[in-house]
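Observations on the model geometry
These are the residues of each chain, in order.
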Amino acid sequence: MRLDCFDEVKRLTSEMVAIPSINKEPGGESAVARYVGDYYMSLPYFQAHPDQVMVFQTKNDFVERHSTIAYVKGTKGNSNKTIILLGHIDTVGVDDFAQYRDYAFDTEHLPEVLKEHFDLPQHVIDDIDSGEFMFGRGALDMKSGVAGHMVIMKYFSEHPEELDGNLVQFAECDEEDNSKGVITGLDVLVDLKKKEGFEYIACINADYSTDYAPGDENRYIYYGSIGKLLPCFVAFGKEAHVGAAFSAFDPNLLIAEVTRNMSLNTDLCDIAQGEVAIPPISLKQMDTKGPYTVQTALVAFSYYNYFTHGLNPAQVLEKCKAIGVKSMDSVIEYLNTQWKRFCEISNVPCQPLPWKTRVYTWEEFYNELAEKHGKPFEDAIQAYKEKLQADDPTLDLRLYSLKVAEEAWKWHEDKSPALVIFFGSVYSARIEMTRKTEKECELLDAVEAAVEVVRPEAERQIKTRMFYPYISDSSFMAVCDELSSVDTLGANMPSWKTKYFHDVNKILEIDVPVVNIGTFGRDGHMLTERVDMKQTFRNVPNITFEAVSRLLK
């Protein structure tokens, strides 16, 4: 059958967009979580089963915010098979709207405000004039996806006799930053598994997608999800007065060379199942010097987005260390060349500069210091980490890791230049679907059949790809890499188990194949963010509905 869902998904989307839920801004994420919970509690099924709606606060968070989980238990048979519908309720900020910030949440009036007060490309004007798009912060990414899941949940709450199994919707906060919503939600999902006997068989995310290339008219469903790591490089240099510049080892120069070798280097693209991940790109580059002086910098820092399809953390770390060695070799060669040239034109004797290539992973660096200084070092670093977190729990995770590395450097007696590499951010694990398990086969077959049902009225070609190309919290639903590679991740994260922890054992309690049947539109995270209403309010919920019906038939 076909869900007549367009109008209700549209209404729910507009009402949720009207509730600002910018990540980390107090109150907003909780307000949307309560909106979702209130929607369910207005339905007869959940009024009869109020314990099946849970609005819960994130754990170990410096912001008070909430997520919502609700579930319908099917009555058609005795199956414990359970599908998770996943979507996030937080958004990025609205500084790009300037003095028109309030209109970012007004789906009715925003299009005319954009046309009147902003210089828009013609294709955006065309989309406004078509009347086929809803504009607003979060309309695309991804409150419309959550709205679609809510309507599906409403239907099955009215028809539990059509489900031989159970359906869970998880509307999560904090997807746009450190994933505390899904990390806390894992506890709830594991508790439900024990309490209700749920057997999780699939996760269907509704995160957004857009044109794959300019002029692309297709709509996409993605199996699995791209992985994301954040390799960080901290360069410890040698200071000098600028009047004796060749006595210095400038860490900025080294980090600049790392960036040149890392950023958009297509040799680092990860390829799996015929699909190519975008190469790494620089996300930050800085030194730690304070007010102006004529002393050269001592420490510089950079980090890079690294997408993965098939590579595990250990393999990414190996590639990054090779880049580090290449970069430091190159900088030392460059410095010696320039020093030799300077001596020639200055007519002074020339001796080779003393610099040697020293590149460590965090694990190597830490272990070398622990071997030399023993328990006093280990205890001191652990105490520093705990105090740093207690004193400033809002400290950015990446800068927290940098501070820990700088503290460890104080214990190193050899202060000649060095480069230390570590992972500095939340681990978004790659999820690869290869039909290697029965669950994967069942999910893929159900989705492909659902697409065929909806295709005749979809108005656009619907295609499938093997990796969702943007970061999503689907990455917390399964473990595809060897557990030893996750151990390598932990051993190379200064924040591990103090400020951040990727609990593989908890994820293995869920461990389901994932698919993204998501919202479609354009310009996610931008001023002109907009969602294609026909695809997102009608086609997407119906594909998801058909897939759920087939999996729990």
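Conventions adopted
Residues numbered from 1 in each chain as written. Predicted model: local features only at pLDDT ≥ 70, side-chain atom pairs only at ≥ 80, totals over all residues. Heavy atoms only, no water. Phe/Tyr/Trp six-rings, centres within 6.5 Å; stacked < 30°, edge-to-face > 60°. Buried < 20%, exposed > 50% of the residue type's maximum accessible area, 1.4 Å probe, protein only. Pairing = 2+ DSSP bridges. Helix = DSSP H or I, 4+ residues; strand = E, 2+ residues; numbered from the N terminus. Axes fitted to C-alpha atoms, helices over the stretch in contact; angles between N-to-C directions. Parallel < 35°, antiparallel > 145°, perpendicular 65-115°, else oblique. Left-handed = near helix turned anticlockwise from the far one by under 90°. Contact = heavy atoms within 4.5 Å. Nonpolar A, V, L, I, M, F, W, Y, C, P; charged D, E, K, R; others polar. 1 Å grid on protein atoms, 1.4 Å probe; cavity = no way out; pocket = protein on both sides within 12 Å on 5 of 7 lines; lining within 4 Å. Points joined across faces, edges and corners; volume = space filled by probe spheres on them. Polar contact = N/O pair within 3.5 Å; in protein donor to acceptor, adjacent residues only side chain to side chain.

1. What to know about the packing of aromatic side chains
Counted according to the given criterion, the structure contains 31 aromatic pairs. Taking 5.0 Å as the distance between ring centres and 85° as the angle between the ring planes, the aromatic pair formed by Tyr 45 and Phe 46 counts as edge-to-face. Look at Trp 496 and Phe 501: their rings are 5.0 Å apart centre to centre, the planes differ by 75°, and that puts the pair in the edge-to-face class. In this structure Trp 496 comes out as buried when scored by relative accessible area, which is 16%.

2. Looking at the sheet that holds strand β19 (residues 530-532)
Pairing is antiparallel across the open sheet formed by three strands, whose spatial order is β4-β19-β18. The open sheet has two edge strands with one neighbour each: β4 (133-135) and β18 (521-522). In this sheet, β19 lies alongside β18 in antiparallel orientation, the contact comprising two bridges. Pairing of Gly 521 across the sheet is with Val 531, part of β19.

3. Quick word on the packing of helix α1 (residues 6-17) against helix α6 (residues 139-158)
Helix-helix packing is characterised by the crossing angle of the two axes and by the distance between the axes. Two numbers describe how α1 lies on α6: the axes approach to 8 Å, and their chain directions differ by 130°. Classed by the angle they form, the pair α1 and α6 counts as oblique. The crossing of α1 and α6 is right-handed. Contact residues: Glu 8, Val 9, Leu 12, Thr 13, Met 16 and Val 17 in α1; Ala 139, Lys 143, Ser 144, Val 146, Ala 147, Gly 148, Met 150, Val 151 and Lys 154 in α6. When its residues are assigned to classes, the contact of α1 with α6 shows nine nonpolar, three polar and three charged.

4. Observations concerning unusual backbone geometry
For the peptide bond that leads from Asp 141 to Met 142, omega is -15°, which places it in the cis range. Following the sequence through the fold, Met 142 ends up in helix α6. Of note, the phi angle at Asn 60 is positive, near 50°, even though the residue is not glycine. Here Asn 60 is to be found in the loop between β1 (53-57) and β2 (66-73). What makes Asn 60 exposed here is its relative accessible area of 72%. In this structure, Leu 264 takes a positive phi of about 60° despite not being glycine. Structurally, Leu 264 is set in the loop between α8 (251-262) and β10 (271-272).

5. A look at empty space enclosed by the protein
Sizing a probe to match a water molecule and rolling it over the atoms shows the empty space that remains. Per the counting criterion, the structure on display carries two cavities of 30 Å³ or more. A volume near 50 Å³ is recorded for the largest cavity. Lining the largest cavity, in full, are Ser 144, Gly 145, Gly 148, His 149, Ile 152, Ala 206, Ile 517, Thr 519, Thr 536, Val 540, Pro 541 and Thr 544. Every element with two or more residues in the lining of the largest cavity is listed here: α6 and α16 (533-551). Sorting elements by how many residues they give to the lining of the largest cavity places α6 first, with five residues. A breakdown of the residues in the lining of the largest cavity according to their chemical character gives five nonpolar, seven polar and no charged. A volume near 30 Å³ is recorded for the second largest cavity. When the residues that make up the lining of the second largest cavity are grouped by side-chain class, the tally is seven nonpolar, one polar and one charged.

6. Structural notes on the side chain of Asn 312
Of note, Asn 312 is situated in the loop between β13 (299-308) and α9 (313-346). Within polar-contact distance, the side chain of Asn 312 engages the backbone nitrogen of Ala 314 at 3.0 Å. With residues up to four places along the chain from it excluded, the contact list for Asn 312 reads Asp 481 and Ser 485.

7. Concerning the pairing of β2
Buried residues dominate β2, accounting for seven of its eight residues. Pairing of β1 with β2 involves five bridges; the strand directions are antiparallel. Residue pairing in the sheet places Phe 56 in a bridge with Ser 67 of β2. The pairing of β2 with strand β5 (residues 166-172) spans six bridges and is antiparallel. Within β5, the position partnered with Tyr 71 by the bridge is Val 168.

8. Some words on the sheet that holds β1
Taken in spatial order, the eight strands of this open sheet run β1-β2-β5-β3-β6-β17-β7-β16, and their pairing is mixed. Because the sheet does not close on itself, it has two edges, and the strands there are β1 and β16 (462-465). Between one strand and the next, the sheet's axes are offset by a mean angle of 20°, whatever the strand orientation. Looking at chain direction, strand β7 (residues 219-223) and β16 are connected through four bridges and run parallel. Bridge pairing in β16 places Ile 221 opposite Thr 464. Packed onto the sheet, helix α7 (residues 180-196) meets β1, β2, β3 (81-88), β5 and β6 (199-205) and runs at close to 25° relative to β2. Each of β3, β5, β6, β7 and β16 touches α16; the most contacted strand, β6, lies at about 165° to it.

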